[in-house]
Amino acid sequence: MRKGGFILASNVINQMKKKIRQTIVIVTMILVSLLVSETISASSINTRPATESEVSTTKSSAVGFSVKPVYGKGQRQGDVNYWSLLVQPKQVVKLQLEIINGDTEHQFDVAVNQAVTNGNLTVDYSKSEQIAKSMLSGHTPIDFAKMAKVADSQKNQTTMTVAKNTVMTVPITITVPAQPFDGQAVGGVAVTRHATANEKKKTINNVYNYTYAVLMTGSKETVKPDVSLVSLKAQAKQFDNTVTVNVQNTTNAIVSGIAVNGEVTNSKGKQVAKMVMKNGTISPLAKFGLVFRNTEAQWAPGKYHVKLTMTDKAKHTWIVDQDVVIKEKKTVFEQVKAPRDKQSNNWLVPVLVALIVLLVGLSGFWYYRFRRQQNKAS
């Protein structure tokens, strides 16, 4: 009886083990299928009908569509209209945006580009890879043109058709390189609508697009910006006289709240060009030119004075205060001279005072000796 009972108990245990193994296999298959389906949905384009409220929004926008970034859990700041993320080496960042189309079917270009700064102190996300690289002072830690993929295109840009009154969710992946970095890398997502057949018939074709920045911070360390005014380029042409102040940022830091005031005067002291800008931004590693422009008669050859002051919100100040000689039919290049620091001359005051005291003392001493010798002689 005991032996038979032992065999029966052993069979029950074996059956239980078999059921547990089967359950584990089933649960594992379910989990794997869920993970796979989640991965597919995260990288796939999804569409749905637009709500009445969304359709109404596109009509009020006057461009026939709108774009809405979808912010995930990694978003650092919730009150901004751009992606702001703290990233790690080799991380694959997954972003999404919604294109809300109106009552006409449209084609859209979606592109992820490098952020650069133009001569109006505005951050530009529309430049091609080649042009963007020419507007950088160094190698950016994240090359968005190479590391970004839009939907399933395997490229940083693609074209898609969105049916009328439809919302399309577009996935974007950006791979962070293995090399760690401090500071920020900035790119942008641009969504541009193709012109319709009727719009193409018009003399002037407007470009309808939305752009949203992608700010990726490599560490919590703060990077101090290093901006410099590098050189001057002067050119005199009929109806297009220019003096360009070339600027570059050599760090992975954003410089914001830029204000610029400047003027160019001729040899008689008359203002021939001026520049006033407020609330500008310089993106990381930006390289660009601030252009004084005069569209009147060609400037006469001679000496012109360039005066420019650029200040950011942290009260850093950069100054140009120098002459440039314009030659007939020639483009002139000159290095920007570092402004003389007024504080560096403060040492002259005590030195001059000491020299004056010394000279007065020596004069008194020699006068005293002279008088004494005269008294002895008499």
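Details of the structure are given in the entry above.
Residues numbered from 1 in each chain as written. Predicted model: local features only at pLDDT ≥ 70, side-chain atom pairs only at ≥ 80, totals over all residues. Heavy atoms only, no water.

### Points about unusual backbone geometry
Inference 1: The phi torsion at Phe239 lies on the positive side, around 65°, for a residue other than glycine.
Inference 2: The class of Phe239 is exposed, set by a relative accessible area of 52%.
Inference 3: Not every positive phi belongs to a glycine, and Lys315 is a case in point at roughly 70°.
Inference 4: Locating Lys315 in the fold gives a position in the loop between strand 18 (302-311) and strand 19 (317-326). (Buried < 20%, exposed > 50% of the residue type's maximum accessible area, 1.4 Å probe, protein only. Helix = DSSP H or I, 4+ residues; strand = E, 2+ residues; numbered from the N terminus.)

### Things to note about the sheet that holds strand 5 (residues 106-114)
Inference 1: The strand order across the open sheet formed by 5 strands is 3-12-11-5-9, and the pairing between neighbours is mixed. Two strands lie at the open edges of the sheet, namely strand 3 (83-86) and strand 9 (157-162), each paired on one side alone. Taking each pair of neighbouring strands and ignoring which way they run, the sheet shows an average axis angle of 20°.
Inference 2: Note: strand 3 against strand 12 (residues 208-217), 4 bridges, orientation parallel. Residue pairing across strands places Leu85 opposite Met216, the latter belonging to strand 12. (Pairing = 2+ DSSP bridges. Axes fitted to C-alpha atoms, helices over the stretch in contact; angles between N-to-C directions.)

### Side note on helix 2 (residues 52-61)
Inference 1: Along helix 2, the positions that sit buried rather than exposed are Glu54, Val55 and Thr58. All buried residues of helix 2 fall inside an arc of 100° around its axis, so they share one side. Among the exposed residues of helix 2, those oriented more than 90 degrees off its buried face are Glu52, Ser53, Lys59 and Ser60.
Inference 2: Ala62 sits one or two positions beyond helix 2 and adopts a positive phi of about 70°. (Arc of directions from axis to C-beta.)

### Description of the nonpolar core
If you look at soluble globular proteins, the nonpolar side chains tend to sit buried side by side.
Inference 1: Within the largest apolar cluster, 33 residues are counted, with the highest numbers of intra-cluster contacts made by Leu290, Leu308 and Met310.
Inference 2: Taken together, the elements giving at least two residues each to this core come down to strand 13 (227-235), strand 14 (241-249), strand 15 (255-265), strand 16 (271-282), strand 17 (287-294), strand 18 and strand 19.
Inference 3: Looking at which element gives the most residues to this core, the answer is strand 16, with 5 residues.
Inference 4: If you look at the next biggest cluster of nonpolar residues, it comprises 31 residues, including Val110, Ile174, Ala185 and Met216. (Core = buried A, V, L, I, M, F, W, Y, C linked by side-chain atoms within 4.5 Å.)

### Quick look at the sheet that holds strand 16
What holds strands together in a sheet is hydrogen bonding between their backbones, with the strands either parallel or antiparallel.
Inference 1: One open sheet holds the 4 strands; their spatial order is 16-15-18-19, and the pairing between them is antiparallel. Looking along the sheet, the strands with just one partner apiece sit at the ends: strand 16 and strand 19. In this sheet, neighbouring strand axes are inclined to one another by 10° on average, regardless of whether the strands run parallel or antiparallel.
Inference 2: Pairing of strand 15 with strand 18, which is carried by 7 bridges, proceeds in the antiparallel orientation.

### Here's the deal with the pattern of salt bridges
Inference 1: As enumerated under the stated definition, the model contains 7 salt bridges in all.
Inference 2: A salt bridge links Asp124 to Lys127, with the shortest nitrogen-to-oxygen separation between them at 3.6 Å.
Inference 3: Owing to a relative accessible area of 13%, Asp124 belongs among the buried residues under this scheme.
Inference 4: Judged by relative accessible area, which is 26%, Lys127 ranks as partly exposed.
Inference 5: Two residues, Lys133 and Asp143, come together in a salt bridge whose shortest N-O distance is 3.7 Å. Of this pair, Lys133 sits in helix 3 (residues 129-134) while Asp143 sits in the loop between helix 3 and helix 4 (144-147), placing them 10 residues apart in sequence.
Inference 6: Salt bridges sharing common partners tie together Glu129, Lys133, Asp143 and Lys146. (Salt bridge = Lys/Arg side-chain N within 4 Å of Asp/Glu carboxyl O.)

### Some details on the pairing of strand 16
Inference 1: Pairing geometry for strand 15 and strand 16, over 9 bridges, is antiparallel. In the sheet register, Glu263 faces strand 16, and the bridge partner there is Lys274.
Inference 2: Hairpin connection, strand 15 to strand 16: the antiparallel pair is bridged by 5 residues, and Gly269 has positive phi, about 85°.

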